[in-house]
Amino acid sequence: MISILLSAALTFAVPSQQDGPARGQGPAFEVAVGSGEVAPALVAEVRELTAQRLDFLRPTFRGLEPQRFAVFVHGAAESLPPALAALRHPGAPGFALLGRHQIHLVVGDMKRTGTRLESVVTHELVHELLDQFVAPHGARIPRWFHEGLAQYLAGDVYLGVREQDIVWRVAVRRLLPWYDLERGFPRDEDALGVAYAQSYSYVAWLVREFGLDDVIAAAGNVDDDTDFDRAIVGATGRPTLELGDGWQRYLQYGSGAWWRVLLGRSFDLLLILALPAFAVAVLRRRSRARKLRQRMERHAELYPADFELEPAPMPPLELHGPPPPEIRP
């Protein structure tokens, strides 16, 4: 689920970038097999999902009449053309090429990670629609805002990373700098997860505080003279530093992330708390066994005859009554 601004020409077919049809005159997108083996039924499912999620997302970007775009379905990451494989983070089940009106879905990674097709389609559609909404200033929209909004509207976080996985970073000041996440995300797997979690949490907080319409409108106000920071400050009436501090306070004290951390680690905590009691029980059992052995040793020293007696032989078994009948084969 990675959106990338592609400046170099790719070596595969690209749909024309003409204006899409008006509502009711047909779809504003095409779905095709990109590479590898893809079942026709899956292509049909992607086409249906794309139409549904496009109708769902269109009102979010007010006034936007989507230009035509293409959705390419790839069977596996190994089947991607080299030009595309170089642009994709390993393991990403989808990515969008901003400015090229292309969405690419990697079916193999969806199956491997258990990611829902609907979530991936929605996520990538947000990238495409947001890029069209802010055109021709898409390059001025930060990467973290793209990814945060896509996760929020898809209702699914990328890489499974949640707020409770980054809340401790606020306390120790280990969050990733926002300026490092403006143009791209890290390639390291751990840092990549943090980048997605931060982006989701911050954008979700902005939406809760100021409303989705105002947050989207702020992105639409970006132009040659207004960068995204100025646009978001103008929409919220708060300085950038105050916004960042407000989000961090919410993450620590209002999001419930710390409680989710504690609940998630409850078994570990119970195990740690039980260790002292378990250790005491083991020590007491060993102490009782040692004392019993010492008493037996003293008794053996005082009364050695008790330990030298041999057991009395058992008397022979006597049978009474008539003998049992003879059994013949």
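Note that the coordinates shown come from a computational prediction; the quantities given were computed from them, not determined experimentally. (Residues numbered from 1 in each chain as written. Predicted model: local features only at pLDDT ≥ 70, side-chain atom pairs only at ≥ 80, totals over all residues. Heavy atoms only, no water.)

Enquirer: Describe the overall build of the protein, naming the residues involved and giving the relevant values.
Expert: Secondary structure assignment for the protein yields 12 helices and 5 strands. For the protein, with 329 residues in total, the buried portion stands at 41%. For the protein, long-range pairs separated by at least 24 residues make up 75% of all intrachain contacts whose partners lie at least 6 apart in sequence. A total accessible area of about 19,400 Å² is found for the protein, and carbon and sulfur atoms account for 56% of it. (Helix = DSSP H or I, 4+ residues; strand = E, 2+ residues; numbered from the N terminus. Buried < 20%, exposed > 50% of the residue type's maximum accessible area, 1.4 Å probe, protein only. Contact = heavy atoms within 4.5 Å. Areas by Shrake-Rupley, 256 points an atom, 1.4 Å probe, with all protein chains shown as cover.)

Enquirer: I'd like to hear about unusual backbone geometry, residue by residue, with values.
Expert: For the bond from Ala-135 to Pro-136, the omega torsion is 5°, close enough to zero to count as cis. Along the chain, the position of Pro-136 falls in the loop between helix H4 (117–133) and helix H5 (143–154). Positive phi, normally seen in glycine, also occurs at His-101, with a value near 55°. Residue position: His-101 is located in the loop between strand S4 (94–98) and strand S5 (102–106).

Enquirer: Provide a residue-level description of the pairing of strand S2 (residues 29–35), including the pertinent values.
Expert: Sheet topology note: the S2/strand S3 (residues 69–74) ladder contains 6 bridges and is parallel. Among the inter-strand pairings, Ala-32 is bridged to a residue of S3, identified as Phe-72. Once you follow S2 into helix H1 (residues 40–57) and on to S3, the crossover reads as left-handed. (Pairing = 2+ DSSP bridges. Right-handed = clockwise from strand over helix to strand, strands pointing away.)

Enquirer: Any chance you could break down the packing of aromatic side chains for me, citing the residues and the numbers?
Expert: A full pass over the atoms with the stated rule returns 13 aromatic pairs. A ring pair is formed by Trp-144 and Trp-178, whose centres lie 5.1 Å apart and whose planes are at 55°; its orientation type is tilted. Taken together, the residues Trp-144 in helix H5 and Trp-178 in the loop between helix H6 (167–171) and helix H7 (189–210) connect sequence positions 34 residues apart. Residue classification places Trp-144 among the buried positions, given a relative accessible area of 5%. A network of ring pairs unites the aromatic residues Trp-144, Phe-145, Trp-178, Tyr-202, Trp-205, Phe-210, Phe-228 and Trp-247 as a single cluster. (Phe/Tyr/Trp six-rings, centres within 6.5 Å; stacked < 30°, edge-to-face > 60°.)

Enquirer: Outline the pattern of salt bridges, listing residues and values.
Expert: One pass over the structure, following the stated rule, counts 10 salt bridges. Note that Asp-55 is salt-bridged to Arg-58, the shortest N-O span being 3.7 Å. What makes Arg-58 buried here is its relative accessible area of 16%. Members of the salt-bridge network, linked through shared partners, are Arg-53, Arg-116 and Glu-118. (Salt bridge = Lys/Arg side-chain N within 4 Å of Asp/Glu carboxyl O.)

Enquirer: Break down the nonpolar core for me, citing the residues and quoting the values.
Expert: Looking at soluble globular proteins, one finds that nonpolar side chains tend to be buried together. The biggest cluster of nonpolar side chains holds 64 residues, and the ones touching the most others in it are Phe-61, Leu-105, Phe-145 and Leu-149. Counting residues per element, this core draws most heavily on H7, which supplies 11 residues. Sequence-distant contacts of Phe-61, that is, excluding residues within four places in its chain, are made with Val-126, Leu-129, Leu-130, Phe-133, Leu-149, Leu-153 and Ile-216. If you look at the next biggest cluster of nonpolar residues, it comprises 6 residues, including Leu-87, Phe-95, Leu-97 and Val-106. (Core = buried A, V, L, I, M, F, W, Y, C linked by side-chain atoms within 4.5 Å.)

Enquirer: Now, about H7: what can you tell me, with residues and values included?
Expert: Helix length check: H7 (22 residues) gives 32 Å between terminal C-alpha atoms against 32 Å at 1.5 Å per residue, within 8%. Within H7, 16 of the 22 residues are buried, leaving the element largely enclosed by the surrounding structure. In the segment just after H7, Gly-211 is the residue with positive phi, at about 95°. (Expected span 1.5 Å × (residues − 1).)

Enquirer: Describe the environment of Phe-29, naming the residues involved and giving the relevant values.
Expert: Mapped onto the elements of the fold, Phe-29 is located in strand S2. If sequence neighbours within four positions are ignored, Phe-29 has contacts with Arg-47, Thr-50, Ala-51, Leu-54, Arg-68 and Phe-69.

Enquirer: Could you give me a rundown of H1, with the residues and numbers involved?
Expert: Spanning 18 residues, H1 covers 26 Å between terminal C-alpha atoms, matching the ideal 26 Å at 1.5 Å per step. Regarding H1, the residues found buried are Val-43, Val-46, Leu-49, Thr-50, Arg-53, Leu-54 and Leu-57. Each buried residue of H1 lies within a common arc of 135° when the element is viewed along its axis, so the set occupies one face. Along H1, the residues that are exposed and aim more than 90 degrees away from the buried face are Pro-40, Ala-41 and Asp-55. In this structure, the buried residues of H1 make contact with S2, S3, S5, H4 and H5. (Arc of directions from axis to C-beta.)

Enquirer: If you had to explain the side chain of Thr-236 to someone new, which residues and values would you point to?
Expert: Summarising the element assignment, Thr-236 is placed in helix H9 (residues 228–236). Among the polar contacts made by the side chain of Thr-236, one reaches the main-chain amide nitrogen of Arg-238 at a distance of 3.3 Å. The residues contacting Thr-236, other than those within four sequence positions of it, are Phe-210 and Leu-243. (Polar contact = N/O pair within 3.5 Å; in protein donor to acceptor, adjacent residues only side chain to side chain.)

Enquirer: Give a description of the confidence of the model for the protein that names residues and reports values.
Expert: Looking at the protein, the pLDDT average stands at 81 and 74% of residues meet or exceed 70. A low-confidence stretch, residues 258–262 (pLDDT under 50), is modelled with 9 contacts involving residues beyond four sequence positions or located in other chains. In the predicted structure, residues 264–271 sits below a pLDDT of 50 and forms 1 contact with residues beyond four places in sequence or in another chain. (pLDDT = per-residue confidence, 0-100.)

Enquirer: An account of the packing of H5 against helix H8 (residues 212–220) is needed here, citing residue identities and associated values.
Expert: Following both chains from N to C, one finds H5 and H8 inclined at 150°, their axes separated by 13 Å at the closest point. Regarding the angle of H5 to H8, the classification is roughly antiparallel. Crossing handedness for the pair H5 and H8: left-handed. In this structure, H5 contributes Phe-145, Leu-149 and Leu-153 to the contact, and H8 contributes Leu-212, Val-215, Ile-216 and Ala-219. Here the residues of the contact of H5 with H8 sort into 7 nonpolar, no polar and no charged. (Axes fitted to C-alpha atoms, helices over the stretch in contact; angles between N-to-C directions. Parallel < 35°, antiparallel > 145°, perpendicular 65-115°, else oblique. Left-handed = near helix turned anticlockwise from the far one by under 90°. Nonpolar A, V, L, I, M, F, W, Y, C, P; charged D, E, K, R; others polar.)

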